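Residues per chain are reported as follows:
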Amino acid sequence: MSDKKNEDYVVRMPDSGMRSPYGGEKDPFIPPRPLRASSQHNIASSVAKIENSPATSILAYCLSSISMTVVNKYVVSGSEWNLNFFYLAVQSIVCIVTIEACKQLGLIKNLAPFDINKGKRWFPISLLLVGMIYTSTKSLQYLSVPVYTIFKNLTIIVIAYGEVLWFGGSVTPLALLSFGLMVLSSVVAAWADTRSAAQTPEAAAALATLNAGYAWMGLNVFCTASYVLGMRKVIKNMNFKDWDTMFYNNFLTIPVLIVCSLVAEDWSSANLTKNFPPESRNALFIGMIYSGMAAIFISYCSAWCIRVTSSTTYSMVGALNKLPIAVSGLIFFSAPVTVGSVSAIFIGFVSGIVYAWAKVRQSQVAKNSLPTTQPTMSASSQSNRDAANS
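Residues numbered from 1 in each chain as written. Predicted model: local features only at pLDDT ≥ 70, side-chain atom pairs only at ≥ 80, totals over all residues. Heavy atoms only, no water.

1. Examining the overall build of the protein chain
Working step 1: Per the secondary structure count, the protein chain includes 15 helices and zero strands.
Working step 2: Per-residue burial for the protein chain yields a buried fraction of 42% across its 390 residues.
Working step 3: The contacts of the protein chain with a sequence gap of at least 6 include a subset with a gap of at least 24, amounting to 84%.
Working step 4: Within the structure as shown, the protein chain displays about 20900 Å² of accessible surface, and the carbon and sulfur contribution to it stands at 65%. (Helix = DSSP H or I, 4+ residues; strand = E, 2+ residues; numbered from the N terminus. Buried < 20%, exposed > 50% of the residue type's maximum accessible area, 1.4 Å probe, protein only. Contact = heavy atoms within 4.5 Å. Areas by Shrake-Rupley, 256 points an atom, 1.4 Å probe, with all protein chains shown as cover.)

And the structure:
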């Protein structure tokens, strides 16, 4: 094996007694130049350029976030779909398997072994996560992607005032302006959605679906805020690294999701056929597997974007990213395009920019004040918080 490996890099000289230009035999101890050294250098240089490219990191983060929302909507948008707990369990299993595979390959080097004591302390946070992702899939099942994205902004308001109550945070006038715009965009989106549903032949059923979606969305706002605030409170004492939060979250939610699926969901062959019709079964399975991997993509791309740009740029990208997410719903799922829906998307987009700018101004003021005491947060924790708000 070693001889074969050496043959790839060493040019063996013929045994014809080649002589040097100085008259003697060629010195056999001069090491030959490897043929692939220059190509390997070029490849390493190209990879380094990509890894340190701000534009590439921003594009990767946006694509991973958009694809995650679109795939989730595709999986749960079936008229007979009712296996949300099973879907979330598959996501967590795929995420854990992928993390372990990356760890074995040496791609993830800072993941500590599972600690039972830490697992017990983190388990309540995982339960909040189950509530967050379950209500998220249920609301996405009944609402369009643009409306879902717009109403997700309301989570920012609840989290902001939760930080004021629990952590002594503050809300600036610019942030209050962004909150007003968020509420306005949600009202406009609900008005446009309700008006569009009322004009359909089955208006009563369409309005009932919307009301169910708004109810799940309201639960999701409070579940998401509880998860983010609870995670912030606990993570300071856990000393988690970048990948630990994701690993514990997914690992601890697997048994909960499996038990909930077995108890609360219908596992009869007839219901499985309804949820996974033969014509779209393979596409659904691929989408479920990808959604589990996309969670890792989002976390990695978030940390990558923060590393090569800045937290300010990352916040702005998160705000700007809501526009293409909302537009993707119009493109891929034929959501109704009306003056009201477009206006709601635009107002929600502006509110995200105003909020991001308010956070930038607030951080600049905090840096200029003395003394400065700012709590540290790992990249994965910050990306989890951003993913919860996106």
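2. Regarding the confidence of the model for the protein chain
Working step 1: Looking at the protein chain, pLDDT values average 79 and 81% of them are 70 or higher.
Working step 2: Below pLDDT 50 for its whole length, residues 1–27 participates in 18 contacts with residues either more than four positions away or in separate chains.
Working step 3: Across residues 372–390, where pLDDT falls below 50, the model places 51 contacts with residues more than four positions away in sequence or in other chains. (pLDDT = per-residue confidence, 0-100.)

3. A short note on the packing of aromatic side chains
The geometry of an aromatic ring pair is captured by two quantities: the separation of the ring centres and the angle between the planes.
Working step 1: With the rule as written, the count across this model stands at 15 aromatic pairs.
Working step 2: Among the aromatic side chains, those forming a connected cluster through ring pairs are Trp81, Phe86, Tyr87, Trp267, Phe276 and Phe285. (Phe/Tyr/Trp six-rings, centres within 6.5 Å; stacked < 30°, edge-to-face > 60°.)

4. Here we look at the side chain of Ser67
Working step 1: Within the element layout of this structure, Ser67 appears in helix 3 (residues 54–76).
Working step 2: On the accessibility criterion, Ser67 (17% relative accessible area) is buried.
Working step 3: A distance of 2.9 Å separates a polar atom in the side chain of Ser67 from the backbone oxygen of Leu63. (Polar contact = N/O pair within 3.5 Å; in protein donor to acceptor, adjacent residues only side chain to side chain.)

5. Some thoughts on helix 11 (residues 281–308)
Working step 1: Between the first and last C-alpha of helix 11 there are 40 Å, a value that for 28 residues agrees with the 40 Å anticipated at 1.5 Å per step.
Working step 2: Of all the bends in helix 11, the largest measures some 25 degrees and sits at Met293. (Expected span 1.5 Å × (residues − 1). Bend = angle between axes of the 7 residues up to and from the residue.)

6. Notes on the side chain of Ser178
Working step 1: Position of Ser178 among the secondary structure elements: in helix 7 (residues 173–198).
Working step 2: Given a relative accessible area of 0%, Ser178 falls into the buried group.
Working step 3: Those residues within four positions of Ser178 in sequence are excluded, and the remaining contacts are Ser351, Val354 and Tyr355.

7. Observations regarding the environment of Leu210
Working step 1: Assignment of secondary structure puts Leu210 in helix 8 (residues 203–238).
Working step 2: Assessed through its relative accessible area of 8%, Leu210 is described here as buried.
Working step 3: Considering only alpha carbons, one finds Leu210 and Leu143, 67 residues apart in sequence, at a separation of 6.5 Å.
Working step 4: Apart from residues no more than four positions distant in its own chain, Leu210 is found in contact with Tyr142, Leu143, Asp193, Thr194 and Ala197.

8. Brief notes about the packing of helix 6 (residues 145–167) against helix 7
Working step 1: At their nearest, the axes of helix 6 and helix 7 sit 9 Å apart, and the two run at 145 degrees to each other. When the axes of helix 6 and helix 7 are compared, the crossing they make is left-handed. Every residue of helix 7 that contacts helix 6 at Val147, Ile150, Phe151, Asn153, Leu154, Ile156, Ile157, Ala160 and Tyr161 is listed here: Leu176, Phe179, Met182, Val183, Ser185, Ser186, Ala189, Ala190 and Asp193.
Working step 2: Tallied by class, the residues present in the contact of helix 6 with helix 7 amount to 14 nonpolar, three polar and one charged. (Axes fitted to C-alpha atoms, helices over the stretch in contact; angles between N-to-C directions. Left-handed = near helix turned anticlockwise from the far one by under 90°. Nonpolar A, V, L, I, M, F, W, Y, C, P; charged D, E, K, R; others polar.)

9. Points about a nonpolar patch on the surface
Working step 1: A contiguous nonpolar patch, built from Ile93, Val97, Ile258, Val259, Leu262, Val263 and Trp267 and spanning about 660 Å² of accessible area, is present on the exposed surface.
Working step 2: For the nonpolar patch, the secondary structure elements donating two or more residues are helix 4 (84–104) and helix 9 (244–264).
Working step 3: It is helix 9 that provides the largest number of residues to the nonpolar patch, a total of four residues.
Working step 4: Note on placement: Ile258 falls in helix 9. (Patch = residues over 30% accessible without salt bridge, like charges linked within 9 Å, V, L, I, M, F, W, Y side chains within 5 Å. Salt bridge = Lys/Arg side-chain N within 4 Å of Asp/Glu carboxyl O.)

10. Considerations on the nonpolar core
Working step 1: Ile99, Trp122 and Tyr227 are the most contacted members of the largest nonpolar core, which has 34 residues in total.
Working step 2: Among the secondary structure elements, those contributing two or more residues to this core are helix 4, helix 5 (116–142), helix 8 and helix 9.
Working step 3: Excluding anything up to four places from it in sequence, Ile99 contacts Ile108, Leu111, Met246, Phe247 and Ile296.
Working step 4: Ranked by size, the runner-up nonpolar core spans 22 residues in total, among them Val70, Ala326, Ala344 and Ile347. (Core = buried A, V, L, I, M, F, W, Y, C linked by side-chain atoms within 4.5 Å.)

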